[in-house]
Amino acid sequence: MDTPEQKLVQYLMEARAMEHALVRVLQAQIAMTPRGSYRSAIENHLNETRRHSDLIGDRLRALDPGFNPVTTIVGFWEDVFGQTVALGKAPFDLLRGTRGEEKVLKNAKDACASESLEIATYTAIEQVARRAGDRQTAEMAADIRADEQRMLARVMQELPRLADAVVGAEVEGEPSFDATTTGAADAVRTAAREVDAAARDSAGAARKVPGVAEAEGEVRGAVASEDDLPLAGYDNLTVEQITERLSGLSQVDLAMIDAYERAHKNRAGVLRAIGSHLST
C-alpha cells in the first residue's frame, strides 16, 4: 500500500508531464492566434506553464533525490506520451474549422478543458501534500492552481468575442484576420525541433515504443514541404524511384513520407511500399 509521500510523488510526476506537454500545445495555439490581448494572455501563460514545470521538478528532486524525468518509469512514459500527444495535436489544430476565427475559438474551448483539468489536478495534489505533512508542496500546488484559475477566467471572458468573430467570418463573410499570416506551420516545425532537443536523451528509447516513431513522422509529414523530406526532389520521383530509396530510412522518415504522400499524390504503390517497411 502506498504512503501519502509516495502518492504525492506519483501525482507530481503526472503533473510535471502534463505541464511539459502543454508547453507544446500553447506554442501551437499562439501561432494560430492573431496578435492582441488574447494572444498576449496565452504567451504569458506559456511562461507560467514553463515555470510550473520547473517548480514541480524542484519539489520532486527534494522529495525523491533519485528522481530523473527520463529514467523514472512513470515520469518517463508520461513525458513521452505527453510530448507525442501535444506534437500530434498541433497539425490537426491547423486543419480545424474553415477559417482562422473558427480555429481560435476551438482552441479556446480546448483551453477551458485543459485549465479545468489542471485545477482539479492541483487541488488533489494540495490535499495529498497536506495529508503527508508537506506544507511547501501544498502551498506550491495552491499557487499554481491560482494561476490556472486566472487563465480559465481569462479564456471564458474571451469566448463571446471569439464566437462573434466566427459569426462574422463564417456567416457574414467578414473575416477579422488571415490565418495564413500567423506562422502556424512554421511554429509546428519549430515545436517538433524543440521536442527533439528537449527530449534528446529519451527520444531513442521512445521511438522503440510501437507507434511512437510513426506518430512523430506523420506529424512532421502533415506540415512538411518537399524540401523537408528525406528524399531529394520527391515531387518529381516516380513510384519506382521512391520505392527503391525507402530501404534504410528510419521509421520517422518513412511515416513522414507516408503523410506527405497521402496529402499530395496519394499513390497506392508508394503507400504500399512504405507500409511494408514500417515497423519491420
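Here the structure is shown first, and the text comes after it.
In short, a report on the structure. (Residues numbered from 1 in each chain as written. Predicted model: local features only at pLDDT ≥ 70, side-chain atom pairs only at ≥ 80, totals over all residues. Heavy atoms only, no water.)

**Here we look at the overall build of the chain**
Okay, so step 1: Secondary structure assignment for the chain yields 11 helices and 0 strands.
Okay, so step 2: Put simply, the chain has 280 residues, and 47% of those count as buried.
Okay, so step 3: Accessible surface, the chain: about 13900 Å² in total, of which carbon and sulfur atoms supply 53%. (Helix = DSSP H or I, 4+ residues; strand = E, 2+ residues; numbered from the N terminus. Buried < 20%, exposed > 50% of the residue type's maximum accessible area, 1.4 Å probe, protein only. Areas by Shrake-Rupley, 256 points an atom, 1.4 Å probe, with all protein chains shown as cover.)

**Focus: helix α10 (residues 251-263)**
Okay, so step 1: For α10, spanning 13 residues, the distance from its first C-alpha to its last is 18 Å, which sits close to the expected 18 Å at 1.5 Å a residue.
Okay, so step 2: Taken residue by residue, α10 has V252, L254, A255, M256, I257, D258, A259, Y260 and E261 as its buried positions. (Expected span 1.5 Å × (residues − 1).)

**Observations concerning the pattern of salt bridges**
Okay, so step 1: Using the criterion set out here, one finds 13 salt bridges in the structure.
Okay, so step 2: Residue R59 pairs with D134 through a salt bridge whose shortest N-O separation is 3.3 Å. Here the residue R59 occupies a position in helix α2 (residues 37-63), and D134 occupies one in the loop between α4 (100-131) and α5 (135-171), the gap between them amounting to 75 residues. The pair formed by R59 and D134 is uniform in burial state, with each residue classed as buried.
Okay, so step 3: Where D258 meets R262, a salt bridge forms, and the shortest distance between an N and an O atom there is 2.8 Å. Of this pair, D258 and R262 both sit in helix α10, 4 residues apart, which is roughly one turn of the helix. (Salt bridge = Lys/Arg side-chain N within 4 Å of Asp/Glu carboxyl O.)

**Details of unusual backbone geometry**
Okay, so step 1: Even without glycine at this site, N266 takes up a positive phi of about 55°.
Okay, so step 2: Along the chain, N266 falls in the loop between α10 and α11 (268-277).

**Considering the side chain of E115**
Okay, so step 1: Inspection of the secondary structure puts E115 in helix α4.
Okay, so step 2: Summary of buried charges: E115 has no salt-bridge partner, and the nearest side chain of opposite charge, R150, is 9.9 Å away.
Okay, so step 3: Excluding residues within four positions of it along the chain, E115 makes contact with H45, E148, M151 and L152. (Lys, Arg positive; Asp, Glu negative; His and termini not counted. Contact = heavy atoms within 4.5 Å.)

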